[in-house]
Amino acid sequence: MNYIIPVTIIIIIALFFILKKPKKAVAKPFPPHWHQLLLDNVLFYRNLTPERQTEFQKRIMQFLSEVYIEGVQLEVTDLDKILVACSAVIPVFGFTEWHYYNLSGVLLYPDYFNEDLEFADTAQSRNIGGLVGTGRFENQMILSRKALYHGFSNTTDKGNTGIHEFVHLIDKMDGLVDGVPEKLLGHQYAIPWLDLIHKKMEAINDDKSDIREYAGTNQAEFFAVASEYFFERPDLLKRKHPELYKMMEMCFNTNK
C-alpha cells in the first residue's frame, strides 16, 4: 500500500492547482444592434471589410469580458462600452490575440478632471482627459467621457484620447512608460526608433512639425500622440512623415 499514498497526494495536488487556476473569461455574444453604433461612431470600424468587422466585434467582446467599466456619477451606456473597447482594440488589432494583463478596470468620469481627479464645474484646472493609474489606481485607467466621445466624433484633428491612454498602457507592459514599446518593437529597432523620436521631437519643439505640440514633452508622450495620428489620419501621416509612418506600421503590425 505504500505506492498508493504518493499517487493520492499527486492527484490531490493536481486537483488543487486545476481548481485554483483562474478561469479564462468567456466573452458574451456580440449584440447585433451594436453594429450600427459602431458604423455611426467609429471610422476605423467603417473602413474594415465585413470579415474584419466580424473579427473586430469578437475582439471588443473579449476585451469587455476581461475588463470592467465603471461610471463615476454617470450610468455607463452601450456606446460608452463600445468606445472604451474600441480604444483598446484598435491599437492591437494587427495582432491575432492580445490581452491587457495590466488592466482590470476603466473608471469613466463625466468630464475632464484635474490632478486631484476632481471633475466638478467648481474644480480648478480640469484639463486631463485620461490617465493610466498608479498607486491605489494601479491596473486601472481613468477616462473622461467627454474626451472619449470627442476623440471618435472628430475624425480630422489627428487626436483620440482613448487610443492615447491605451498606447500608454501598451508601453507600460515592459515595465516602463518610456516611449519604447518592447512588446511591439523588436530589439533591433529600438535604436532607430529612438533616433527617429528625437529627430521628430526636435522638429516639434522648433515649431516645424504638424504633430501635436504635446508630443514634444517626452518620449512616452511622443509615442502616444504619434499613435493617435497614425490611427486617426493614416494617409496624412504617410504623406507628411513617411519614415515615422513606416515605423508605426511595423510597430502595430498593420502592414498585412
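For the structure itself, look to the data block above.
Residues numbered from 1 in each chain as written. Predicted model: local features only at pLDDT ≥ 70, side-chain atom pairs only at ≥ 80, totals over all residues. Heavy atoms only, no water.

J.: Run through the sheet that holds strand β3 (residues 130–132), naming residues and quoting values.
T.: Note on sheets: strands pair through backbone hydrogen bonds, and any given pair is parallel or antiparallel. Taking strand neighbours across the sheet as the criterion, the four strands line up as β1-β2-β4-β3 in an open arrangement whose pairing is mixed. On the outer flanks of this sheet lie β1 (68–71) and β3, each paired with one strand and no other. On average, each strand axis in the sheet is tilted by 20° relative to the strand beside it, whichever way the strands run. Note that strand β2 (residues 105–109) and strand β4 (residues 140–144) share five bridges and pair parallel. Within β4, the position partnered with glycine 105 by the bridge is glutamine 140. (Pairing = 2+ DSSP bridges. Helix = DSSP H or I, 4+ residues; strand = E, 2+ residues; numbered from the N terminus. Axes fitted to C-alpha atoms, helices over the stretch in contact; angles between N-to-C directions.)

J.: Can you explain helix α4 (residues 50–66)? Please cite residues and give values.
T.: Across its 17 residues, α4 extends 25 Å between first and last C-alpha, which sits within 8% of the 24 Å expected from 1.5 Å per residue. Listed as buried for α4 are Gln53, Phe56, Gln57, Arg59, Ile60, Met61 and Phe63. In this structure, the buried residues of α4 make contact with α2 (34–41), α3 (43–46), α5 (78–89) and α7 (161–172). (Expected span 1.5 Å × (residues − 1). Buried < 20%, exposed > 50% of the residue type's maximum accessible area, 1.4 Å probe, protein only. Contact = heavy atoms within 4.5 Å.)

J.: Describe the side chain of glutamine 53, and please don't skip the residues or the numbers.
T.: One can find glutamine 53 in helix α4. Take glutamine 53: its relative accessible area is 10%, and that puts it in the buried class. Beyond its immediate chain neighbours, meaning those up to four positions away, glutamine 53 contacts His35, Leu39, Tyr45, Arg46 and Leu48.

J.: Can you tell me about the packing of α2 against α5, naming the residues and giving the values?
T.: Contact geometry for α2 and α5: axes closest at 11 Å, N-to-C directions at 65°. In the crossing of α2 with α5, the sense of the turn from one axis to the other is right-handed. Of the residues in α5, those touching α2 at Trp34, Leu37, Leu38 and Asn41 are Asp78, Leu79, Lys81, Ile82, Leu83 and Cys86. The class makeup of the residues in the contact of α2 with α5 is seven nonpolar, one polar and two charged. (Left-handed = near helix turned anticlockwise from the far one by under 90°. Nonpolar A, V, L, I, M, F, W, Y, C, P; charged D, E, K, R; others polar.)

J.: Give a detailed account of the layout of surface pockets, specifying residues and quantitative values.
T.: Volume-wise, the largest pocket comes out at about 660 Å³. Every element with two or more residues in the lining of the largest pocket is listed here: α3, α9 (219–232) and α10 (234–240). Split by residue class, the lining of the largest pocket holds 13 nonpolar, six polar and six charged. The space that makes up the second largest pocket amounts to roughly 460 Å³. Lining of the second largest pocket is provided by 20 residues; of these, Asn127, Gly129, Thr161, Arg212 and Tyr214 occupy positions nearest its centre. (1 Å grid on protein atoms, 1.4 Å probe; cavity = no way out; pocket = protein on both sides within 12 Å on 5 of 7 lines; lining within 4 Å. Points joined across faces, edges and corners; volume = space filled by probe spheres on them.)

Interpretation note: all reported values are geometric properties and have no functional meaning in isolation.
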